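# Coordinate inspection notes
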Amino acid sequence: MKKRIAAIAAAALTLFPMTAAFASAADTAKPSYDFVIFGDSVANGYGRVEAPEYNYGDILADYYNGTVVNYAVTGDTSADTLKTAKNLTADQKKALTDAEYIVISTGGNDISRYALNFLVDFCAQNNLLADGVTADSIPKDLGISEYLTVFDIEKMQKFALGNLSNSLALLSAINTLSNQIRVNNQAYKGIIQNSIIPNINETVAAIKAVNPNAQIIVQNVYQPVQLSPAFITSALGSSTTYTSVINTLRIELENIMATFNTELEAAGTENGFKVADVLTEFTAMGTEEKSASNPGHAAYFINIEQEQEKIDYHPNQKGQLAIAAEIIDIIGEKHTDLGLLSDIFESLPDKANYPAAALKTYQAAAGDIKLGDVNVDSKVDARDASMVLTEYAQTSANKPAQLKARQYTAGKVNKDDKLDSRDASLILGFYAQASAGGTDDINEFLASKEK
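Counting starts from 1 at the beginning of each chain's written sequence and moves along it residue by residue. Side-chain atom pairs in this predicted model are given and counted only at pLDDT of 80 or more, local residue features only at pLDDT of at least 70, and totals for whole chains, interfaces and linings cover all residues. Note that water and hydrogens are dropped before the side-chain values are worked out from all heavy atoms of the structure.

### Some points on the overall build of the protein chain
Looking only at helices and strands, the protein chain features 22 helices and five strands. Relative to its 451 residues, the protein chain shows a buried fraction of 48%. Pairs of residues are marked as contacts when any of their non-hydrogen atoms sit within 4.5 Å. Of all intrachain contacts in the protein chain linking residues separated by at least 6 positions in sequence, the fraction that spans at least 24 positions is 73%. Note on areas: these come from Shrake-Rupley sampling with a 1.4 Å probe, and a residue is covered only by the protein chains present in the view. When the accessible surface of the protein chain is totalled, it reaches about 21,000 Å², and 51% of it is carbon and sulfur. A run of DSSP states H or I qualifies as a helix once it reaches four residues; a run of E qualifies as a strand once it reaches two. Both are numbered from the N-terminal end. When a residue's accessible area, from a 1.4 Å probe over protein chains only, is under 20% of the maximum for its type it is buried; when over 50% it is exposed; and in between it is partly exposed.

### Brief notes about the sheet that holds strand β2 (residues 68-70)
Overall, parallel pairing links the five strands, which are arranged β2-β1-β3-β4-β5 in an open sheet. The outermost strands of the open sheet, each flanked by one partner alone, are β2 and β5 (274-276). Strand-to-strand twist of the sheet, defined as the mean angle between neighbouring strand axes without regard to direction, takes the value 25 degrees. In this analysis, strands are considered paired if DSSP registers two or more bridges between them. With three bridges joining them, strand β4 (residues 215-219) and β5 adopt parallel strand pairing. For Gln-219, the partnering residue across the bridge sits in β5 and is Ala-276. Docked against the sheet, helix α4 (residues 56-63) engages β1 (35-39), β2, β3 (101-105) and β4, running at close to 165 degrees with respect to β1. To get an axis, fit a line to the C-alpha atoms, keeping to the stretch in contact for a helix; angles then go from 0 to 180 degrees between the N-to-C directions.

### Points about unusual backbone geometry
For residues besides glycine, phi is generally negative; the peptide bonds are generally trans as well. For Asn-127, which is not glycine, the phi dihedral falls at a positive 55 degrees. If you trace the backbone, Asn-127 turns up in the loop between α7 (108-125) and α8 (144-147). Backbone geometry places Ser-378, a non-glycine residue, at a positive phi of 70 degrees. Relative to the helices and strands, Ser-378 resides in the loop between α18 (356-366) and α19 (382-396).

### Here's the deal with α19
The terminal C-alpha atoms of α19, which comprises 15 residues, lie 21 Å apart, in line with the 21 Å expected from a rise of 1.5 Å per residue. Most of α19 is tucked away: 13 of the 15 residues are buried. In the analysis that follows, any N or O atom pair within 3.5 Å is treated as a polar contact, provided that within protein one partner can donate a hydrogen and the other can accept it, and provided that, for residues neighboring in sequence, both atoms belong to side chains. If you check the start of α19, you find a side-chain oxygen 3.0 Å away from the backbone N of Arg-383, and it comes from Asp-381. Looking one or two residues beyond α19, the residue adopting positive phi is Asn-398, at roughly 60 degrees. Every helix has an expected span of 1.5 Å times one less than the residues it contains.

### Quick word on the side chain of Asp-337
Relative to the elements of secondary structure, Asp-337 occurs in the loop between α16 (317-331) and α17 (340-347). Leaving out residues up to four positions away in the same chain, Asp-337 has contacts with Tyr-63, Ser-342, Ala-366 and Arg-406.

### With respect to the pattern of salt bridges
Any carboxyl oxygen of Asp or Glu that lies within 4 Å of a side-chain nitrogen of Lys or Arg is treated as forming a salt bridge with it. For the structure on display, the rule yields 13 salt bridges. Where Glu-252 meets Arg-182, a salt bridge forms, and the shortest distance between an N and an O atom there is 3.9 Å. Of this pair, Glu-252 sits in helix α13 (residues 240-271) while Arg-182 sits in helix α10 (residues 164-182); the two residues are 70 residues apart in sequence, bridging distant segments of the chain. Close ionic contact of Arg-422 with Asp-416 constitutes a salt bridge, the shortest N to O distance being 3.9 Å. Arg-422 sits in the partly exposed class, given a relative accessible area of 45%. By relative accessible area, Asp-416 is classed as partly exposed at 29%.

### Remarks on the pairing of β3
In terms of residue burial, β3 counts as a mostly covered element, since five of its five residues are buried. In this sheet, β4 lies alongside β3 in parallel orientation, the contact comprising four bridges. Of the residues in β4, the one forming a bridge with Tyr-101 is Gln-215.

### So, the environment of Asp-76
Here Asp-76 shows up in the loop between β2 and α5 (78-86). Taking the C-alpha atoms as reference points, Asp-76 and Gly-108, 32 residues apart in sequence, are found 9.1 Å from one another. In this structure, Asp-76 is in contact with Gly-39, Asp-40, Thr-81, Thr-84 and Asn-109, ignoring residues within four places of it in sequence.

### Comments concerning the packing of aromatic side chains
Any pair of aromatic rings gets described here by the distance separating the centres and the angle formed by the planes. In this scheme Phe, Tyr and Trp rings, the latter by its six-membered ring, pair at centre separations within 6.5 Å, and the angle between planes marks the pair as stacked below 30 degrees, edge-to-face above 60, and tilted otherwise. In this structure the tally under the stated criterion is 16 aromatic pairs. Centre to centre, the rings of Phe-38 and Tyr-71 are 5.6 Å apart; their planes meet at 35 degrees, and the pair counts as tilted. With Phe-38 in strand β1 and Tyr-71 in the loop between β2 and α5, this pair connects stretches of sequence that are 33 residues apart. Each member of the pair, Phe-38 as well as Tyr-71, is classed as buried.

### Details of the pairing of β1
Counting buried positions over the five residues of β1 gives five, a clear majority of the element. What you see with β1 is no split at all: Phe-35, Ile-37 and Gly-39 on one side and Val-36 and Phe-38 on the other are buried throughout. Across three bridges, the pairing between β1 and β2 is parallel. Looking across to β2, one finds that Phe-35 is bridged to Val-68. For β1 and β3, the ladder comprises five bridges, and the chain directions are parallel. Following the sheet pairing, Ile-37 is matched in β3 by Val-103.

Encoded structure:
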């Protein structure tokens with residue numbers, strides 16, 4: 001049987017020769033762009049635990065048939081990113097000069113670090129720090145995981161549930177923290193307006209001094225605390241106090257990130273850079289109403305609804321994919337993808353749950369593949385049938401598959417979840433009928449065969 005399959009495939013290839021049996025039109029349609037990335041842990045890909053593990057820079061370079069050089073550093077603030085941009089090595093200057101696109105992710109650590117130091121002060125005032133720890137003994141630049149070791153979680157829980165006065169004090173502190181970050185007046189510091197945005201503007205200016213022709217894209221910051229009611233109950237219990245605190249925190253974080261985005265958009269207009277709206281990609285509810293019961297979709301793109309030791313606020317593989325798709329949307333040049341972008345999506349075990357708004361962005365970046373169009377040249381003909389037969393011969397002989405997952409999906413025209421000679425026969429039948437003046441709609445042709 002296997003010899004017969006191989007013979008059929010060989011005959012098909014003789015009739016329809018191709019210099020590279022598994023090459024596709026999509027492979028040759030890519031522009032070629034090089035990328036340089038600056039910023040923080042979001043940009044360098046920290047926190048991904050799935051396989052394959054690619055950050056958005058890898059995906060962008062593959063999509064645009066180019067290269068990526070990543071200078072992002074975990075823990076860096078906007079001031080650190082500015083320092084890097086102002087003190088470039090010769091190699092960094094060369095990479096910048098050669099790049100068409102510069103992507104910057106910064107500001108998130110400024111916000112989280114300020115918030116954690118604020119929380120340290122609040123906990124110190126209310127005797128909620130771990131034994132032997134004082135506010136003065138804690139460095140101001142710890143990482144998030146290090147900060148968590150200075151708090152006495154049990155004391156904090158008892159404080160929050162202790163009485164109404166404590167609960168009101170905690171809610172008031174969250175509101176004050178939000179104002180300190182996003183409100184710029186005599187009463188509040190406005191660190192977004194007075195620190196983060198100026199640092200970003202100077203970073204952009206330093207980069208433009210080296211490469212005035214590169215397009216600079218700056219990401220805004222996503223809102224990570226979008227927890228489902230079921231998770232809050234399972235993790236913290238059914239206390240209405242906890243629910244109220246988490247909901248208040250969610251709303252204030254939304255206010256902070258919205259302010260950051262507004263300021264960043266204005267800076268981009270003034271200083272000639274574009275904004276990648278990661279905030280919307282991670283949150284957008286589609287036709288749903290955002291509320292405590294529908295807080296947004298960040299928990300899909302970061303591993304926050306996990307057991308305590310596994311909680312991570314960084315983008316997982318799905319998050320990195322979503323950021324890449326958003327940046328592709330900003331760049332605007334798209335093609336039908338058979339590379340990392342679509343490979344990662346196809347490999348996701350829960351892609352059926354991919355949030356609708358982000359899915360739309362991904363689909364626009366990945367492009368459509370017509371059913372039956374295995375070689376992705378926008379036609380369904382004998383070459384596609386030949387590729388199906390060749391792949392069938394490969395896999396039947398226990399040899400590695402050559403087609404991409406999306407090509408498999410396009411080739412399985414008889415919809416039995418297998419790619420074999422029956423699919424090739426249907427593709428050839430459609431091609432023959434279309435060439436003789438029949439329907440040019442393969443779905444219509446397949447429907448007629450089912451009758």
